[in-house]
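Spelled out, the chains give:
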Amino acid sequence: MPTALITGATAGLGKSFTRALAEQGYDLVLVARSERDLKEHAELLRAGHGIRTEVLPADLTTDEGCGRVTARLTAEPAVDLLVNNAGIGYDNAFLETGIQAEERLLDLNVRAVLRLTDAALGEMTRRRSGAIVNVASVAGLGPAWLSSTYPASKAWIIGFTESLAVSQQVRDAGVRMMALLPGYTRTEFHQRAGIPTTFPPAWLWLHSDDVVRSALRDLRKGKVLSIPSLRYKTAAWGLRHLPRPLSRRFAWDISKPGH
Ligand SMILES: NC(=O)c1ccc[n+]([C@@H]2O[C@H](COP(=O)([O-])OP(=O)(O)OC[C@H]3O[C@@H](n4cnc5c(N)ncnc54)[C@H](OP(=O)(O)O)[C@@H]3O)[C@@H](O)[C@H]2O)c1
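Keep in mind it's a predicted model, so treat the numbers as computed, not measured.

**Student:** I keep staring at the environment of threonine 197 and nothing clicks. Help me out?
**Tutor:** Tracing the backbone shows threonine 197 in the loop between helix H8 (189-193) and strand E9 (206-207). Put simply, threonine 197 and tyrosine 184 are 13 residues apart on the chain and 9.4 Å apart in space, counted from C-alpha to C-alpha.

Below is the structure:
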């Protein structure tokens, strides 16, 4: 049975990845901070799908937490699919967030993705098989939120994933890499970040199971960027092709009072 390791596996998109991959018969390594949530969810997956599960509690904003996960990525049984999914955002403007919180965001959204990809990709290219999905965001394509480092962190994931995915070394080794760019998706993300969920109209919200189904289909097709739903494919086209000064005008400015 193939094995997948998913970060942020206890909620939202990560949880949807675990369910979809369990249905496909993957054994799973689940990573998040809360050991209790990990164990509860692992038990449900084991009972529901008859797969093997491992729980790996780790805070990926820390060196120690990343180290525990990279150690698993280079151990047996080999990990065939890595999903770098855990990520955070904030509702505060840059100058109000505080540098420690900003560094935590970069540690999770960027540094952990870098470290886990490094560990997994080394193993996968040696074995000449495997796949990595890095969860970015449509917000990473343009000036989507002003006064926020979140879109910049996701822009890094997109650039990083694309540059490795199409490189000769990775392609020749038969390893696939894909960045997933979801739009607004109903998960715990906004509640954790303190971002109001009243602003985007209902039709803009995606369901996490649909996002993951579409992502896994795109991975099978060998796509480098996966943008689930026509709504967000259109938004992504706009962010990529409209003149930057124009798209900036439509960006959500979280430094504005009462944004
Ligand atoms: N929801 C959206 O609208 C949306 C849109 C675009 C992109 N995304 C991206 O999708 C990804 C998943 O987001 P989501 O919406 O599913 O989030 P979510 O519902 O808030 O789930 C976050 C998961 O990450 C884990 N986590 C949080 N901090 C962690 C840390 N320091 N170390 C290890 N694990 C940690 C959480 O468990 P613990 O708290 O137990 O650690 C939880 O399992 C993120 O990268 C996000 O940026 C989301």
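From this point, things continue past the structure.
**Student:** Looking at this structure, I do not really get unusual backbone geometry. What am I missing?
**Tutor:** Excluding glycine, a negative phi dihedral is what most residues carry, and trans is how most peptide bonds are arranged. Cis rather than trans, the peptide bond between glutamate 76 and proline 77 has omega equal to -10°. Its place among the elements puts proline 77 in the loop between helix H3 (63-73) and strand E4 (81-84). Unlike most non-glycine residues, arginine 128 shows phi in positive territory, near 60°. In this fold, arginine 128 is placed in the loop between helix H5 (99-127) and strand E5 (130-135). Positive phi values are uncommon outside glycine, yet serine 229 reaches one of about 85°. If you trace the backbone, serine 229 turns up in the loop between strand E10 (225-226) and helix H10 (230-241). Among the residues examined, serine 229 registers a relative accessible area of 18% and is labelled buried.

**Student:** What am I meant to see in the site of the ligand here?
**Tutor:** In the vicinity of the ligand there are 31 residues, among which Thr10, Arg33, Asn85, Tyr150 and Thr187 approach most closely. Residue threonine 10 places a side-chain N or O atom 2.7 Å away from an oxygen atom belonging to the ligand. Measuring from an oxygen atom of the ligand, one finds a backbone N or O atom of glutamate 188 at 3.0 Å. When the ligand is considered free in solution it has 890 Å² of accessible area, and contact with the protein chains removes 96% of it. Listing elements by their share of the shell around the ligand, those giving two or more residues are helix H1 (12-23), helix H6 (150-165) and H8. Element by element, the count of residues in the shell around the ligand is highest for H8, at 3 residues. Its residues placed into classes, the shell around the ligand shows 14 nonpolar, 12 polar and 5 charged.

**Student:** It is not clear to me how the sheet that holds E10 should be interpreted in this structure. Could you clarify?
**Tutor:** Ordered in space as E3-E2-E1-E4-E5-E7-E10, the 7 strands form an open sheet in which the pairing is parallel. Two strands in the sheet have a free side with no partner beyond their single neighbour: strand E3 (53-57) and E10. Examined bridge by bridge, E5 and strand E7 (residues 175-180) share 6 bridges and lie parallel to one another. If you follow asparagine 134 over to E7, its bridge partner there is alanine 179. Running over the sheet, H3 touches strand E1 (3-7), strand E2 (27-32), E3 and E4 and is turned about 150° from E3.

Conventions used here
Residues numbered from 1 in each chain as written. Predicted model: local features only at pLDDT ≥ 70, side-chain atom pairs only at ≥ 80, totals over all residues. Heavy atoms only, no water. Helix = DSSP H or I, 4+ residues; strand = E, 2+ residues; numbered from the N terminus. Buried < 20%, exposed > 50% of the residue type's maximum accessible area, 1.4 Å probe, protein only. Near = heavy atom within 4 Å. Polar contact = N/O pair within 3.5 Å; in protein donor to acceptor, adjacent residues only side chain to side chain. Areas by Shrake-Rupley, 256 points an atom, 1.4 Å probe, with all protein chains shown as cover. Nonpolar A, V, L, I, M, F, W, Y, C, P; charged D, E, K, R; others polar. Pairing = 2+ DSSP bridges. Contact = heavy atoms within 4.5 Å. Axes fitted to C-alpha atoms, helices over the stretch in contact; angles between N-to-C directions.

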